[in-house]
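Read off the chains here:
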Amino acid sequence: MEDKVISPEKEEEAKLKARYPNLGAKPGGSDLLRKRLLQKGQKYFDSGDYNMAKAKMKNKQLPSAPTEKTEITGGHIPTPQDLPQRKTSIVASKLAG
Amino acid sequence: CLPPSLSLCLSLSPPADIISTVEFNHTGELLATGDKGGRVVIFQREPESKTEPFSQGEYNVYSTFQSHEPEFDYLKSLEIEEKINKIRWLPQQNAAHFLLSTNDKTIKLWKVPVLKPMDLMVEVSPRRVFANAHTYHVNSISVNSDYETYMSADDLRINLWHLDITDRSFNIVDIKPANMEDLTEVITAAEFHPHHCNLFVYSSSKGTLRLCDMREAALCDKHSKLFEEPEDPSARSFFSEIISSVSDVKFSHSGRYLLTRDYLTAKVWDLNMESKPLETYQVHDYLRSKLCSLYENDCIFDKFECAWNGSDSVIMTGAYNNFFRMFDRNTKRDVTLEASRESSKPRAVLKPRRVCAAGGKRRKDDISVDSLDFTKKILHTAWHPSENIIAIAATNNLYIFQDKLNSEMH
């Protein structure tokens, strides 16, 4: 009699899909890669674009911040909540002395 | 000769940044570290002293300098990090030492003078700046055995430079698709063969290795050899491709083998056998049942490096909880050690550690998988070219361990 053992990996996959039902079937592929390629380096807020977009949509609600796992596409005007905080860089040498 | 009797001879924790790269020079006399703040620290090994036998061969700070500064690309509204991704030493040809350091975009050549008896300090000076050649993020640099050229690799392209020429480079690999929506894999690491100046290898996010021969064509998009382990289709899961991504590739000193690291294993490949690796070592297979949370907290994308010892008989790589692993290729024995202040007093021998599966049988000093600290990752390790001395970067701490009993390679 054969026992069907689910591999730990497949169990973990089922867990992930249960938590994120909208997760695409293909984990690799261009979306994930492009996000990781472009993720480094922060995108700055353009106040001109933002105000124009706000003016255009004055009667509609601003688009809400996308959930973490989806990509911010080029057509989306970032809102201040979308942007990661810029970290301060260390300027002075900490090894002095 | 595992487990080695490693003892801590130096641990440094400047209150500064996370160490992002560690590299011995070709004699092992110098050790360079780069950090997230763009700084490079060079250590020098003290010559053996007859009067103080236990202080022989210890590493002290030789020089510190700011290699890269943060920059802004205003056109693209992108910040360019000053973090040093890689340091590679040039083989020494005259009195001074030279090293290459790189951040995401710019590679720099630095001259490190030899300290003379009358000098108070060593002043490192920049000699070349190799800029504007990479659209994507530079992950690797490798000096050619011809001592004249080197390569730099980003996610999609590899460029060949002459060390004396900064205003141009040759593109030797380009895997960027015409339509970025067709992108399926990226370059993760690249290295020149240690002896054959025409050969280099690059690894991909899909777990493949490509050996290229620069004599065959100017653009090495077509590989000479493709190393890929066949996949068991029934075992395939959502995580398969991600955990197969090669985070580091290193030629053996002999040039006969390749060492690769992916998320869960380290593999040794024979250059003459493309169909599958020669040896596979499980670094932390117990993480297989944690992949869901490791994906959620992004740890599954951590890039661990790997290293050979001088005689290519032992391989080393880091893991979580400040653990690092060594595998003896001949005896097939392996050991898990910890780099932390709590567990290693200077001159005491490192005690092997053991991770047990959740709910498994626990011995006294074992640690359970559920108790592992995933924020304590050892991504960067280096092995002295000829002796049993290793440098381990644990976040912002550098540990240098020496095997005083077995200082010569076996």
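Description of the structure in this document. Here the structure is a predicted model, which means the values were calculated and not measured. (Residues numbered from 1 in each chain as written. Chains lettered and ligands numbered in written order. Predicted model: local features only at pLDDT ≥ 70, side-chain atom pairs only at ≥ 80, totals over all residues. Heavy atoms only, no water.)

### Things to note about the overall build of chain A
If you tally the helices and strands in chain A, you get 3 helices and 0 strands. When the helices and strands of chain A are listed from N to C terminus, the series reads α-α-α. Out of the 97 residues belonging to chain A, those deemed buried represent 23%. Accessible surface for chain A amounts to roughly 7,600 Å². Of this, 56% is attributable to carbon and sulfur atoms. (Helix = DSSP H or I, 4+ residues; strand = E, 2+ residues; numbered from the N terminus. Buried < 20%, exposed > 50% of the residue type's maximum accessible area, 1.4 Å probe, protein only. Areas by Shrake-Rupley, 256 points an atom, 1.4 Å probe, with all protein chains shown as cover.)

### Section: the sheet that holds strand S11 (residues 125-130) of chain B
Residues and elements named next belong to chain B. Spatially, the 4 strands line up as an open sheet ordered S8-S9-S10-S11, and their pairing is antiparallel. With one partner strand each, in any of the chains shown, strand S8 (86-89) and S11 form the two edges of the open sheet. Ignoring which end each strand starts from, the neighbouring axes of this sheet average 20° apart. As judged from the 6 bridges shared by strand S9 (residues 97-102) and strand S10 (residues 107-112), these two strands associate in the antiparallel manner. By the bridge assignment for S10, His 97 is matched with Val 112. (Pairing = 2+ DSSP bridges. Axes fitted to C-alpha atoms, helices over the stretch in contact; angles between N-to-C directions.)

### Structural notes on empty space enclosed by the protein
Residues and elements named next belong to chain B. Per the stated rule, a full pass over the model turns up 2 cavities of 30 Å³ or more. In this model, the largest cavity occupies a volume close to 60 Å³. Every residue along the wall of the largest cavity is listed here: Lys 86, Arg 88, Asn 139, Ser 140, Ile 141, Ala 189, Ala 190, Glu 191, Asp 248, Val 249 and Lys 250. Only S8, strand S12 (140-143), strand S16 (187-192) and strand S20 (248-251) provide two or more residues apiece to the lining of the largest cavity. When its residues are assigned to classes, the lining of the largest cavity shows 4 nonpolar, 2 polar and 5 charged. (1 Å grid on protein atoms, 1.4 Å probe; cavity = no way out; pocket = protein on both sides within 12 Å on 5 of 7 lines; lining within 4 Å. Points joined across faces, edges and corners; volume = space filled by probe spheres on them. Nonpolar A, V, L, I, M, F, W, Y, C, P; charged D, E, K, R; others polar.)

### Comments concerning the sheet that holds S20 of chain B
Backbone hydrogen bonds hold the strands of a sheet together, and the pairing may be parallel or antiparallel. All names here are of chain B. Strand order in the open sheet formed by 4 strands is S20-S21-S22-S23, with antiparallel pairing between adjacent strands. Two strands close off the open sheet at either side, each with one partner strand: S20 and strand S23 (279-282). Between one strand and the next, the sheet's axes are offset by a mean angle of 15°, whatever the strand orientation. As defined by bridge partners, strand S21 (residues 257-261) adjoins strand S22 (residues 265-270) across 5 bridges and the pair is classed as antiparallel. By the bridge assignment, Thr 260 is partnered in S22 with Lys 267.

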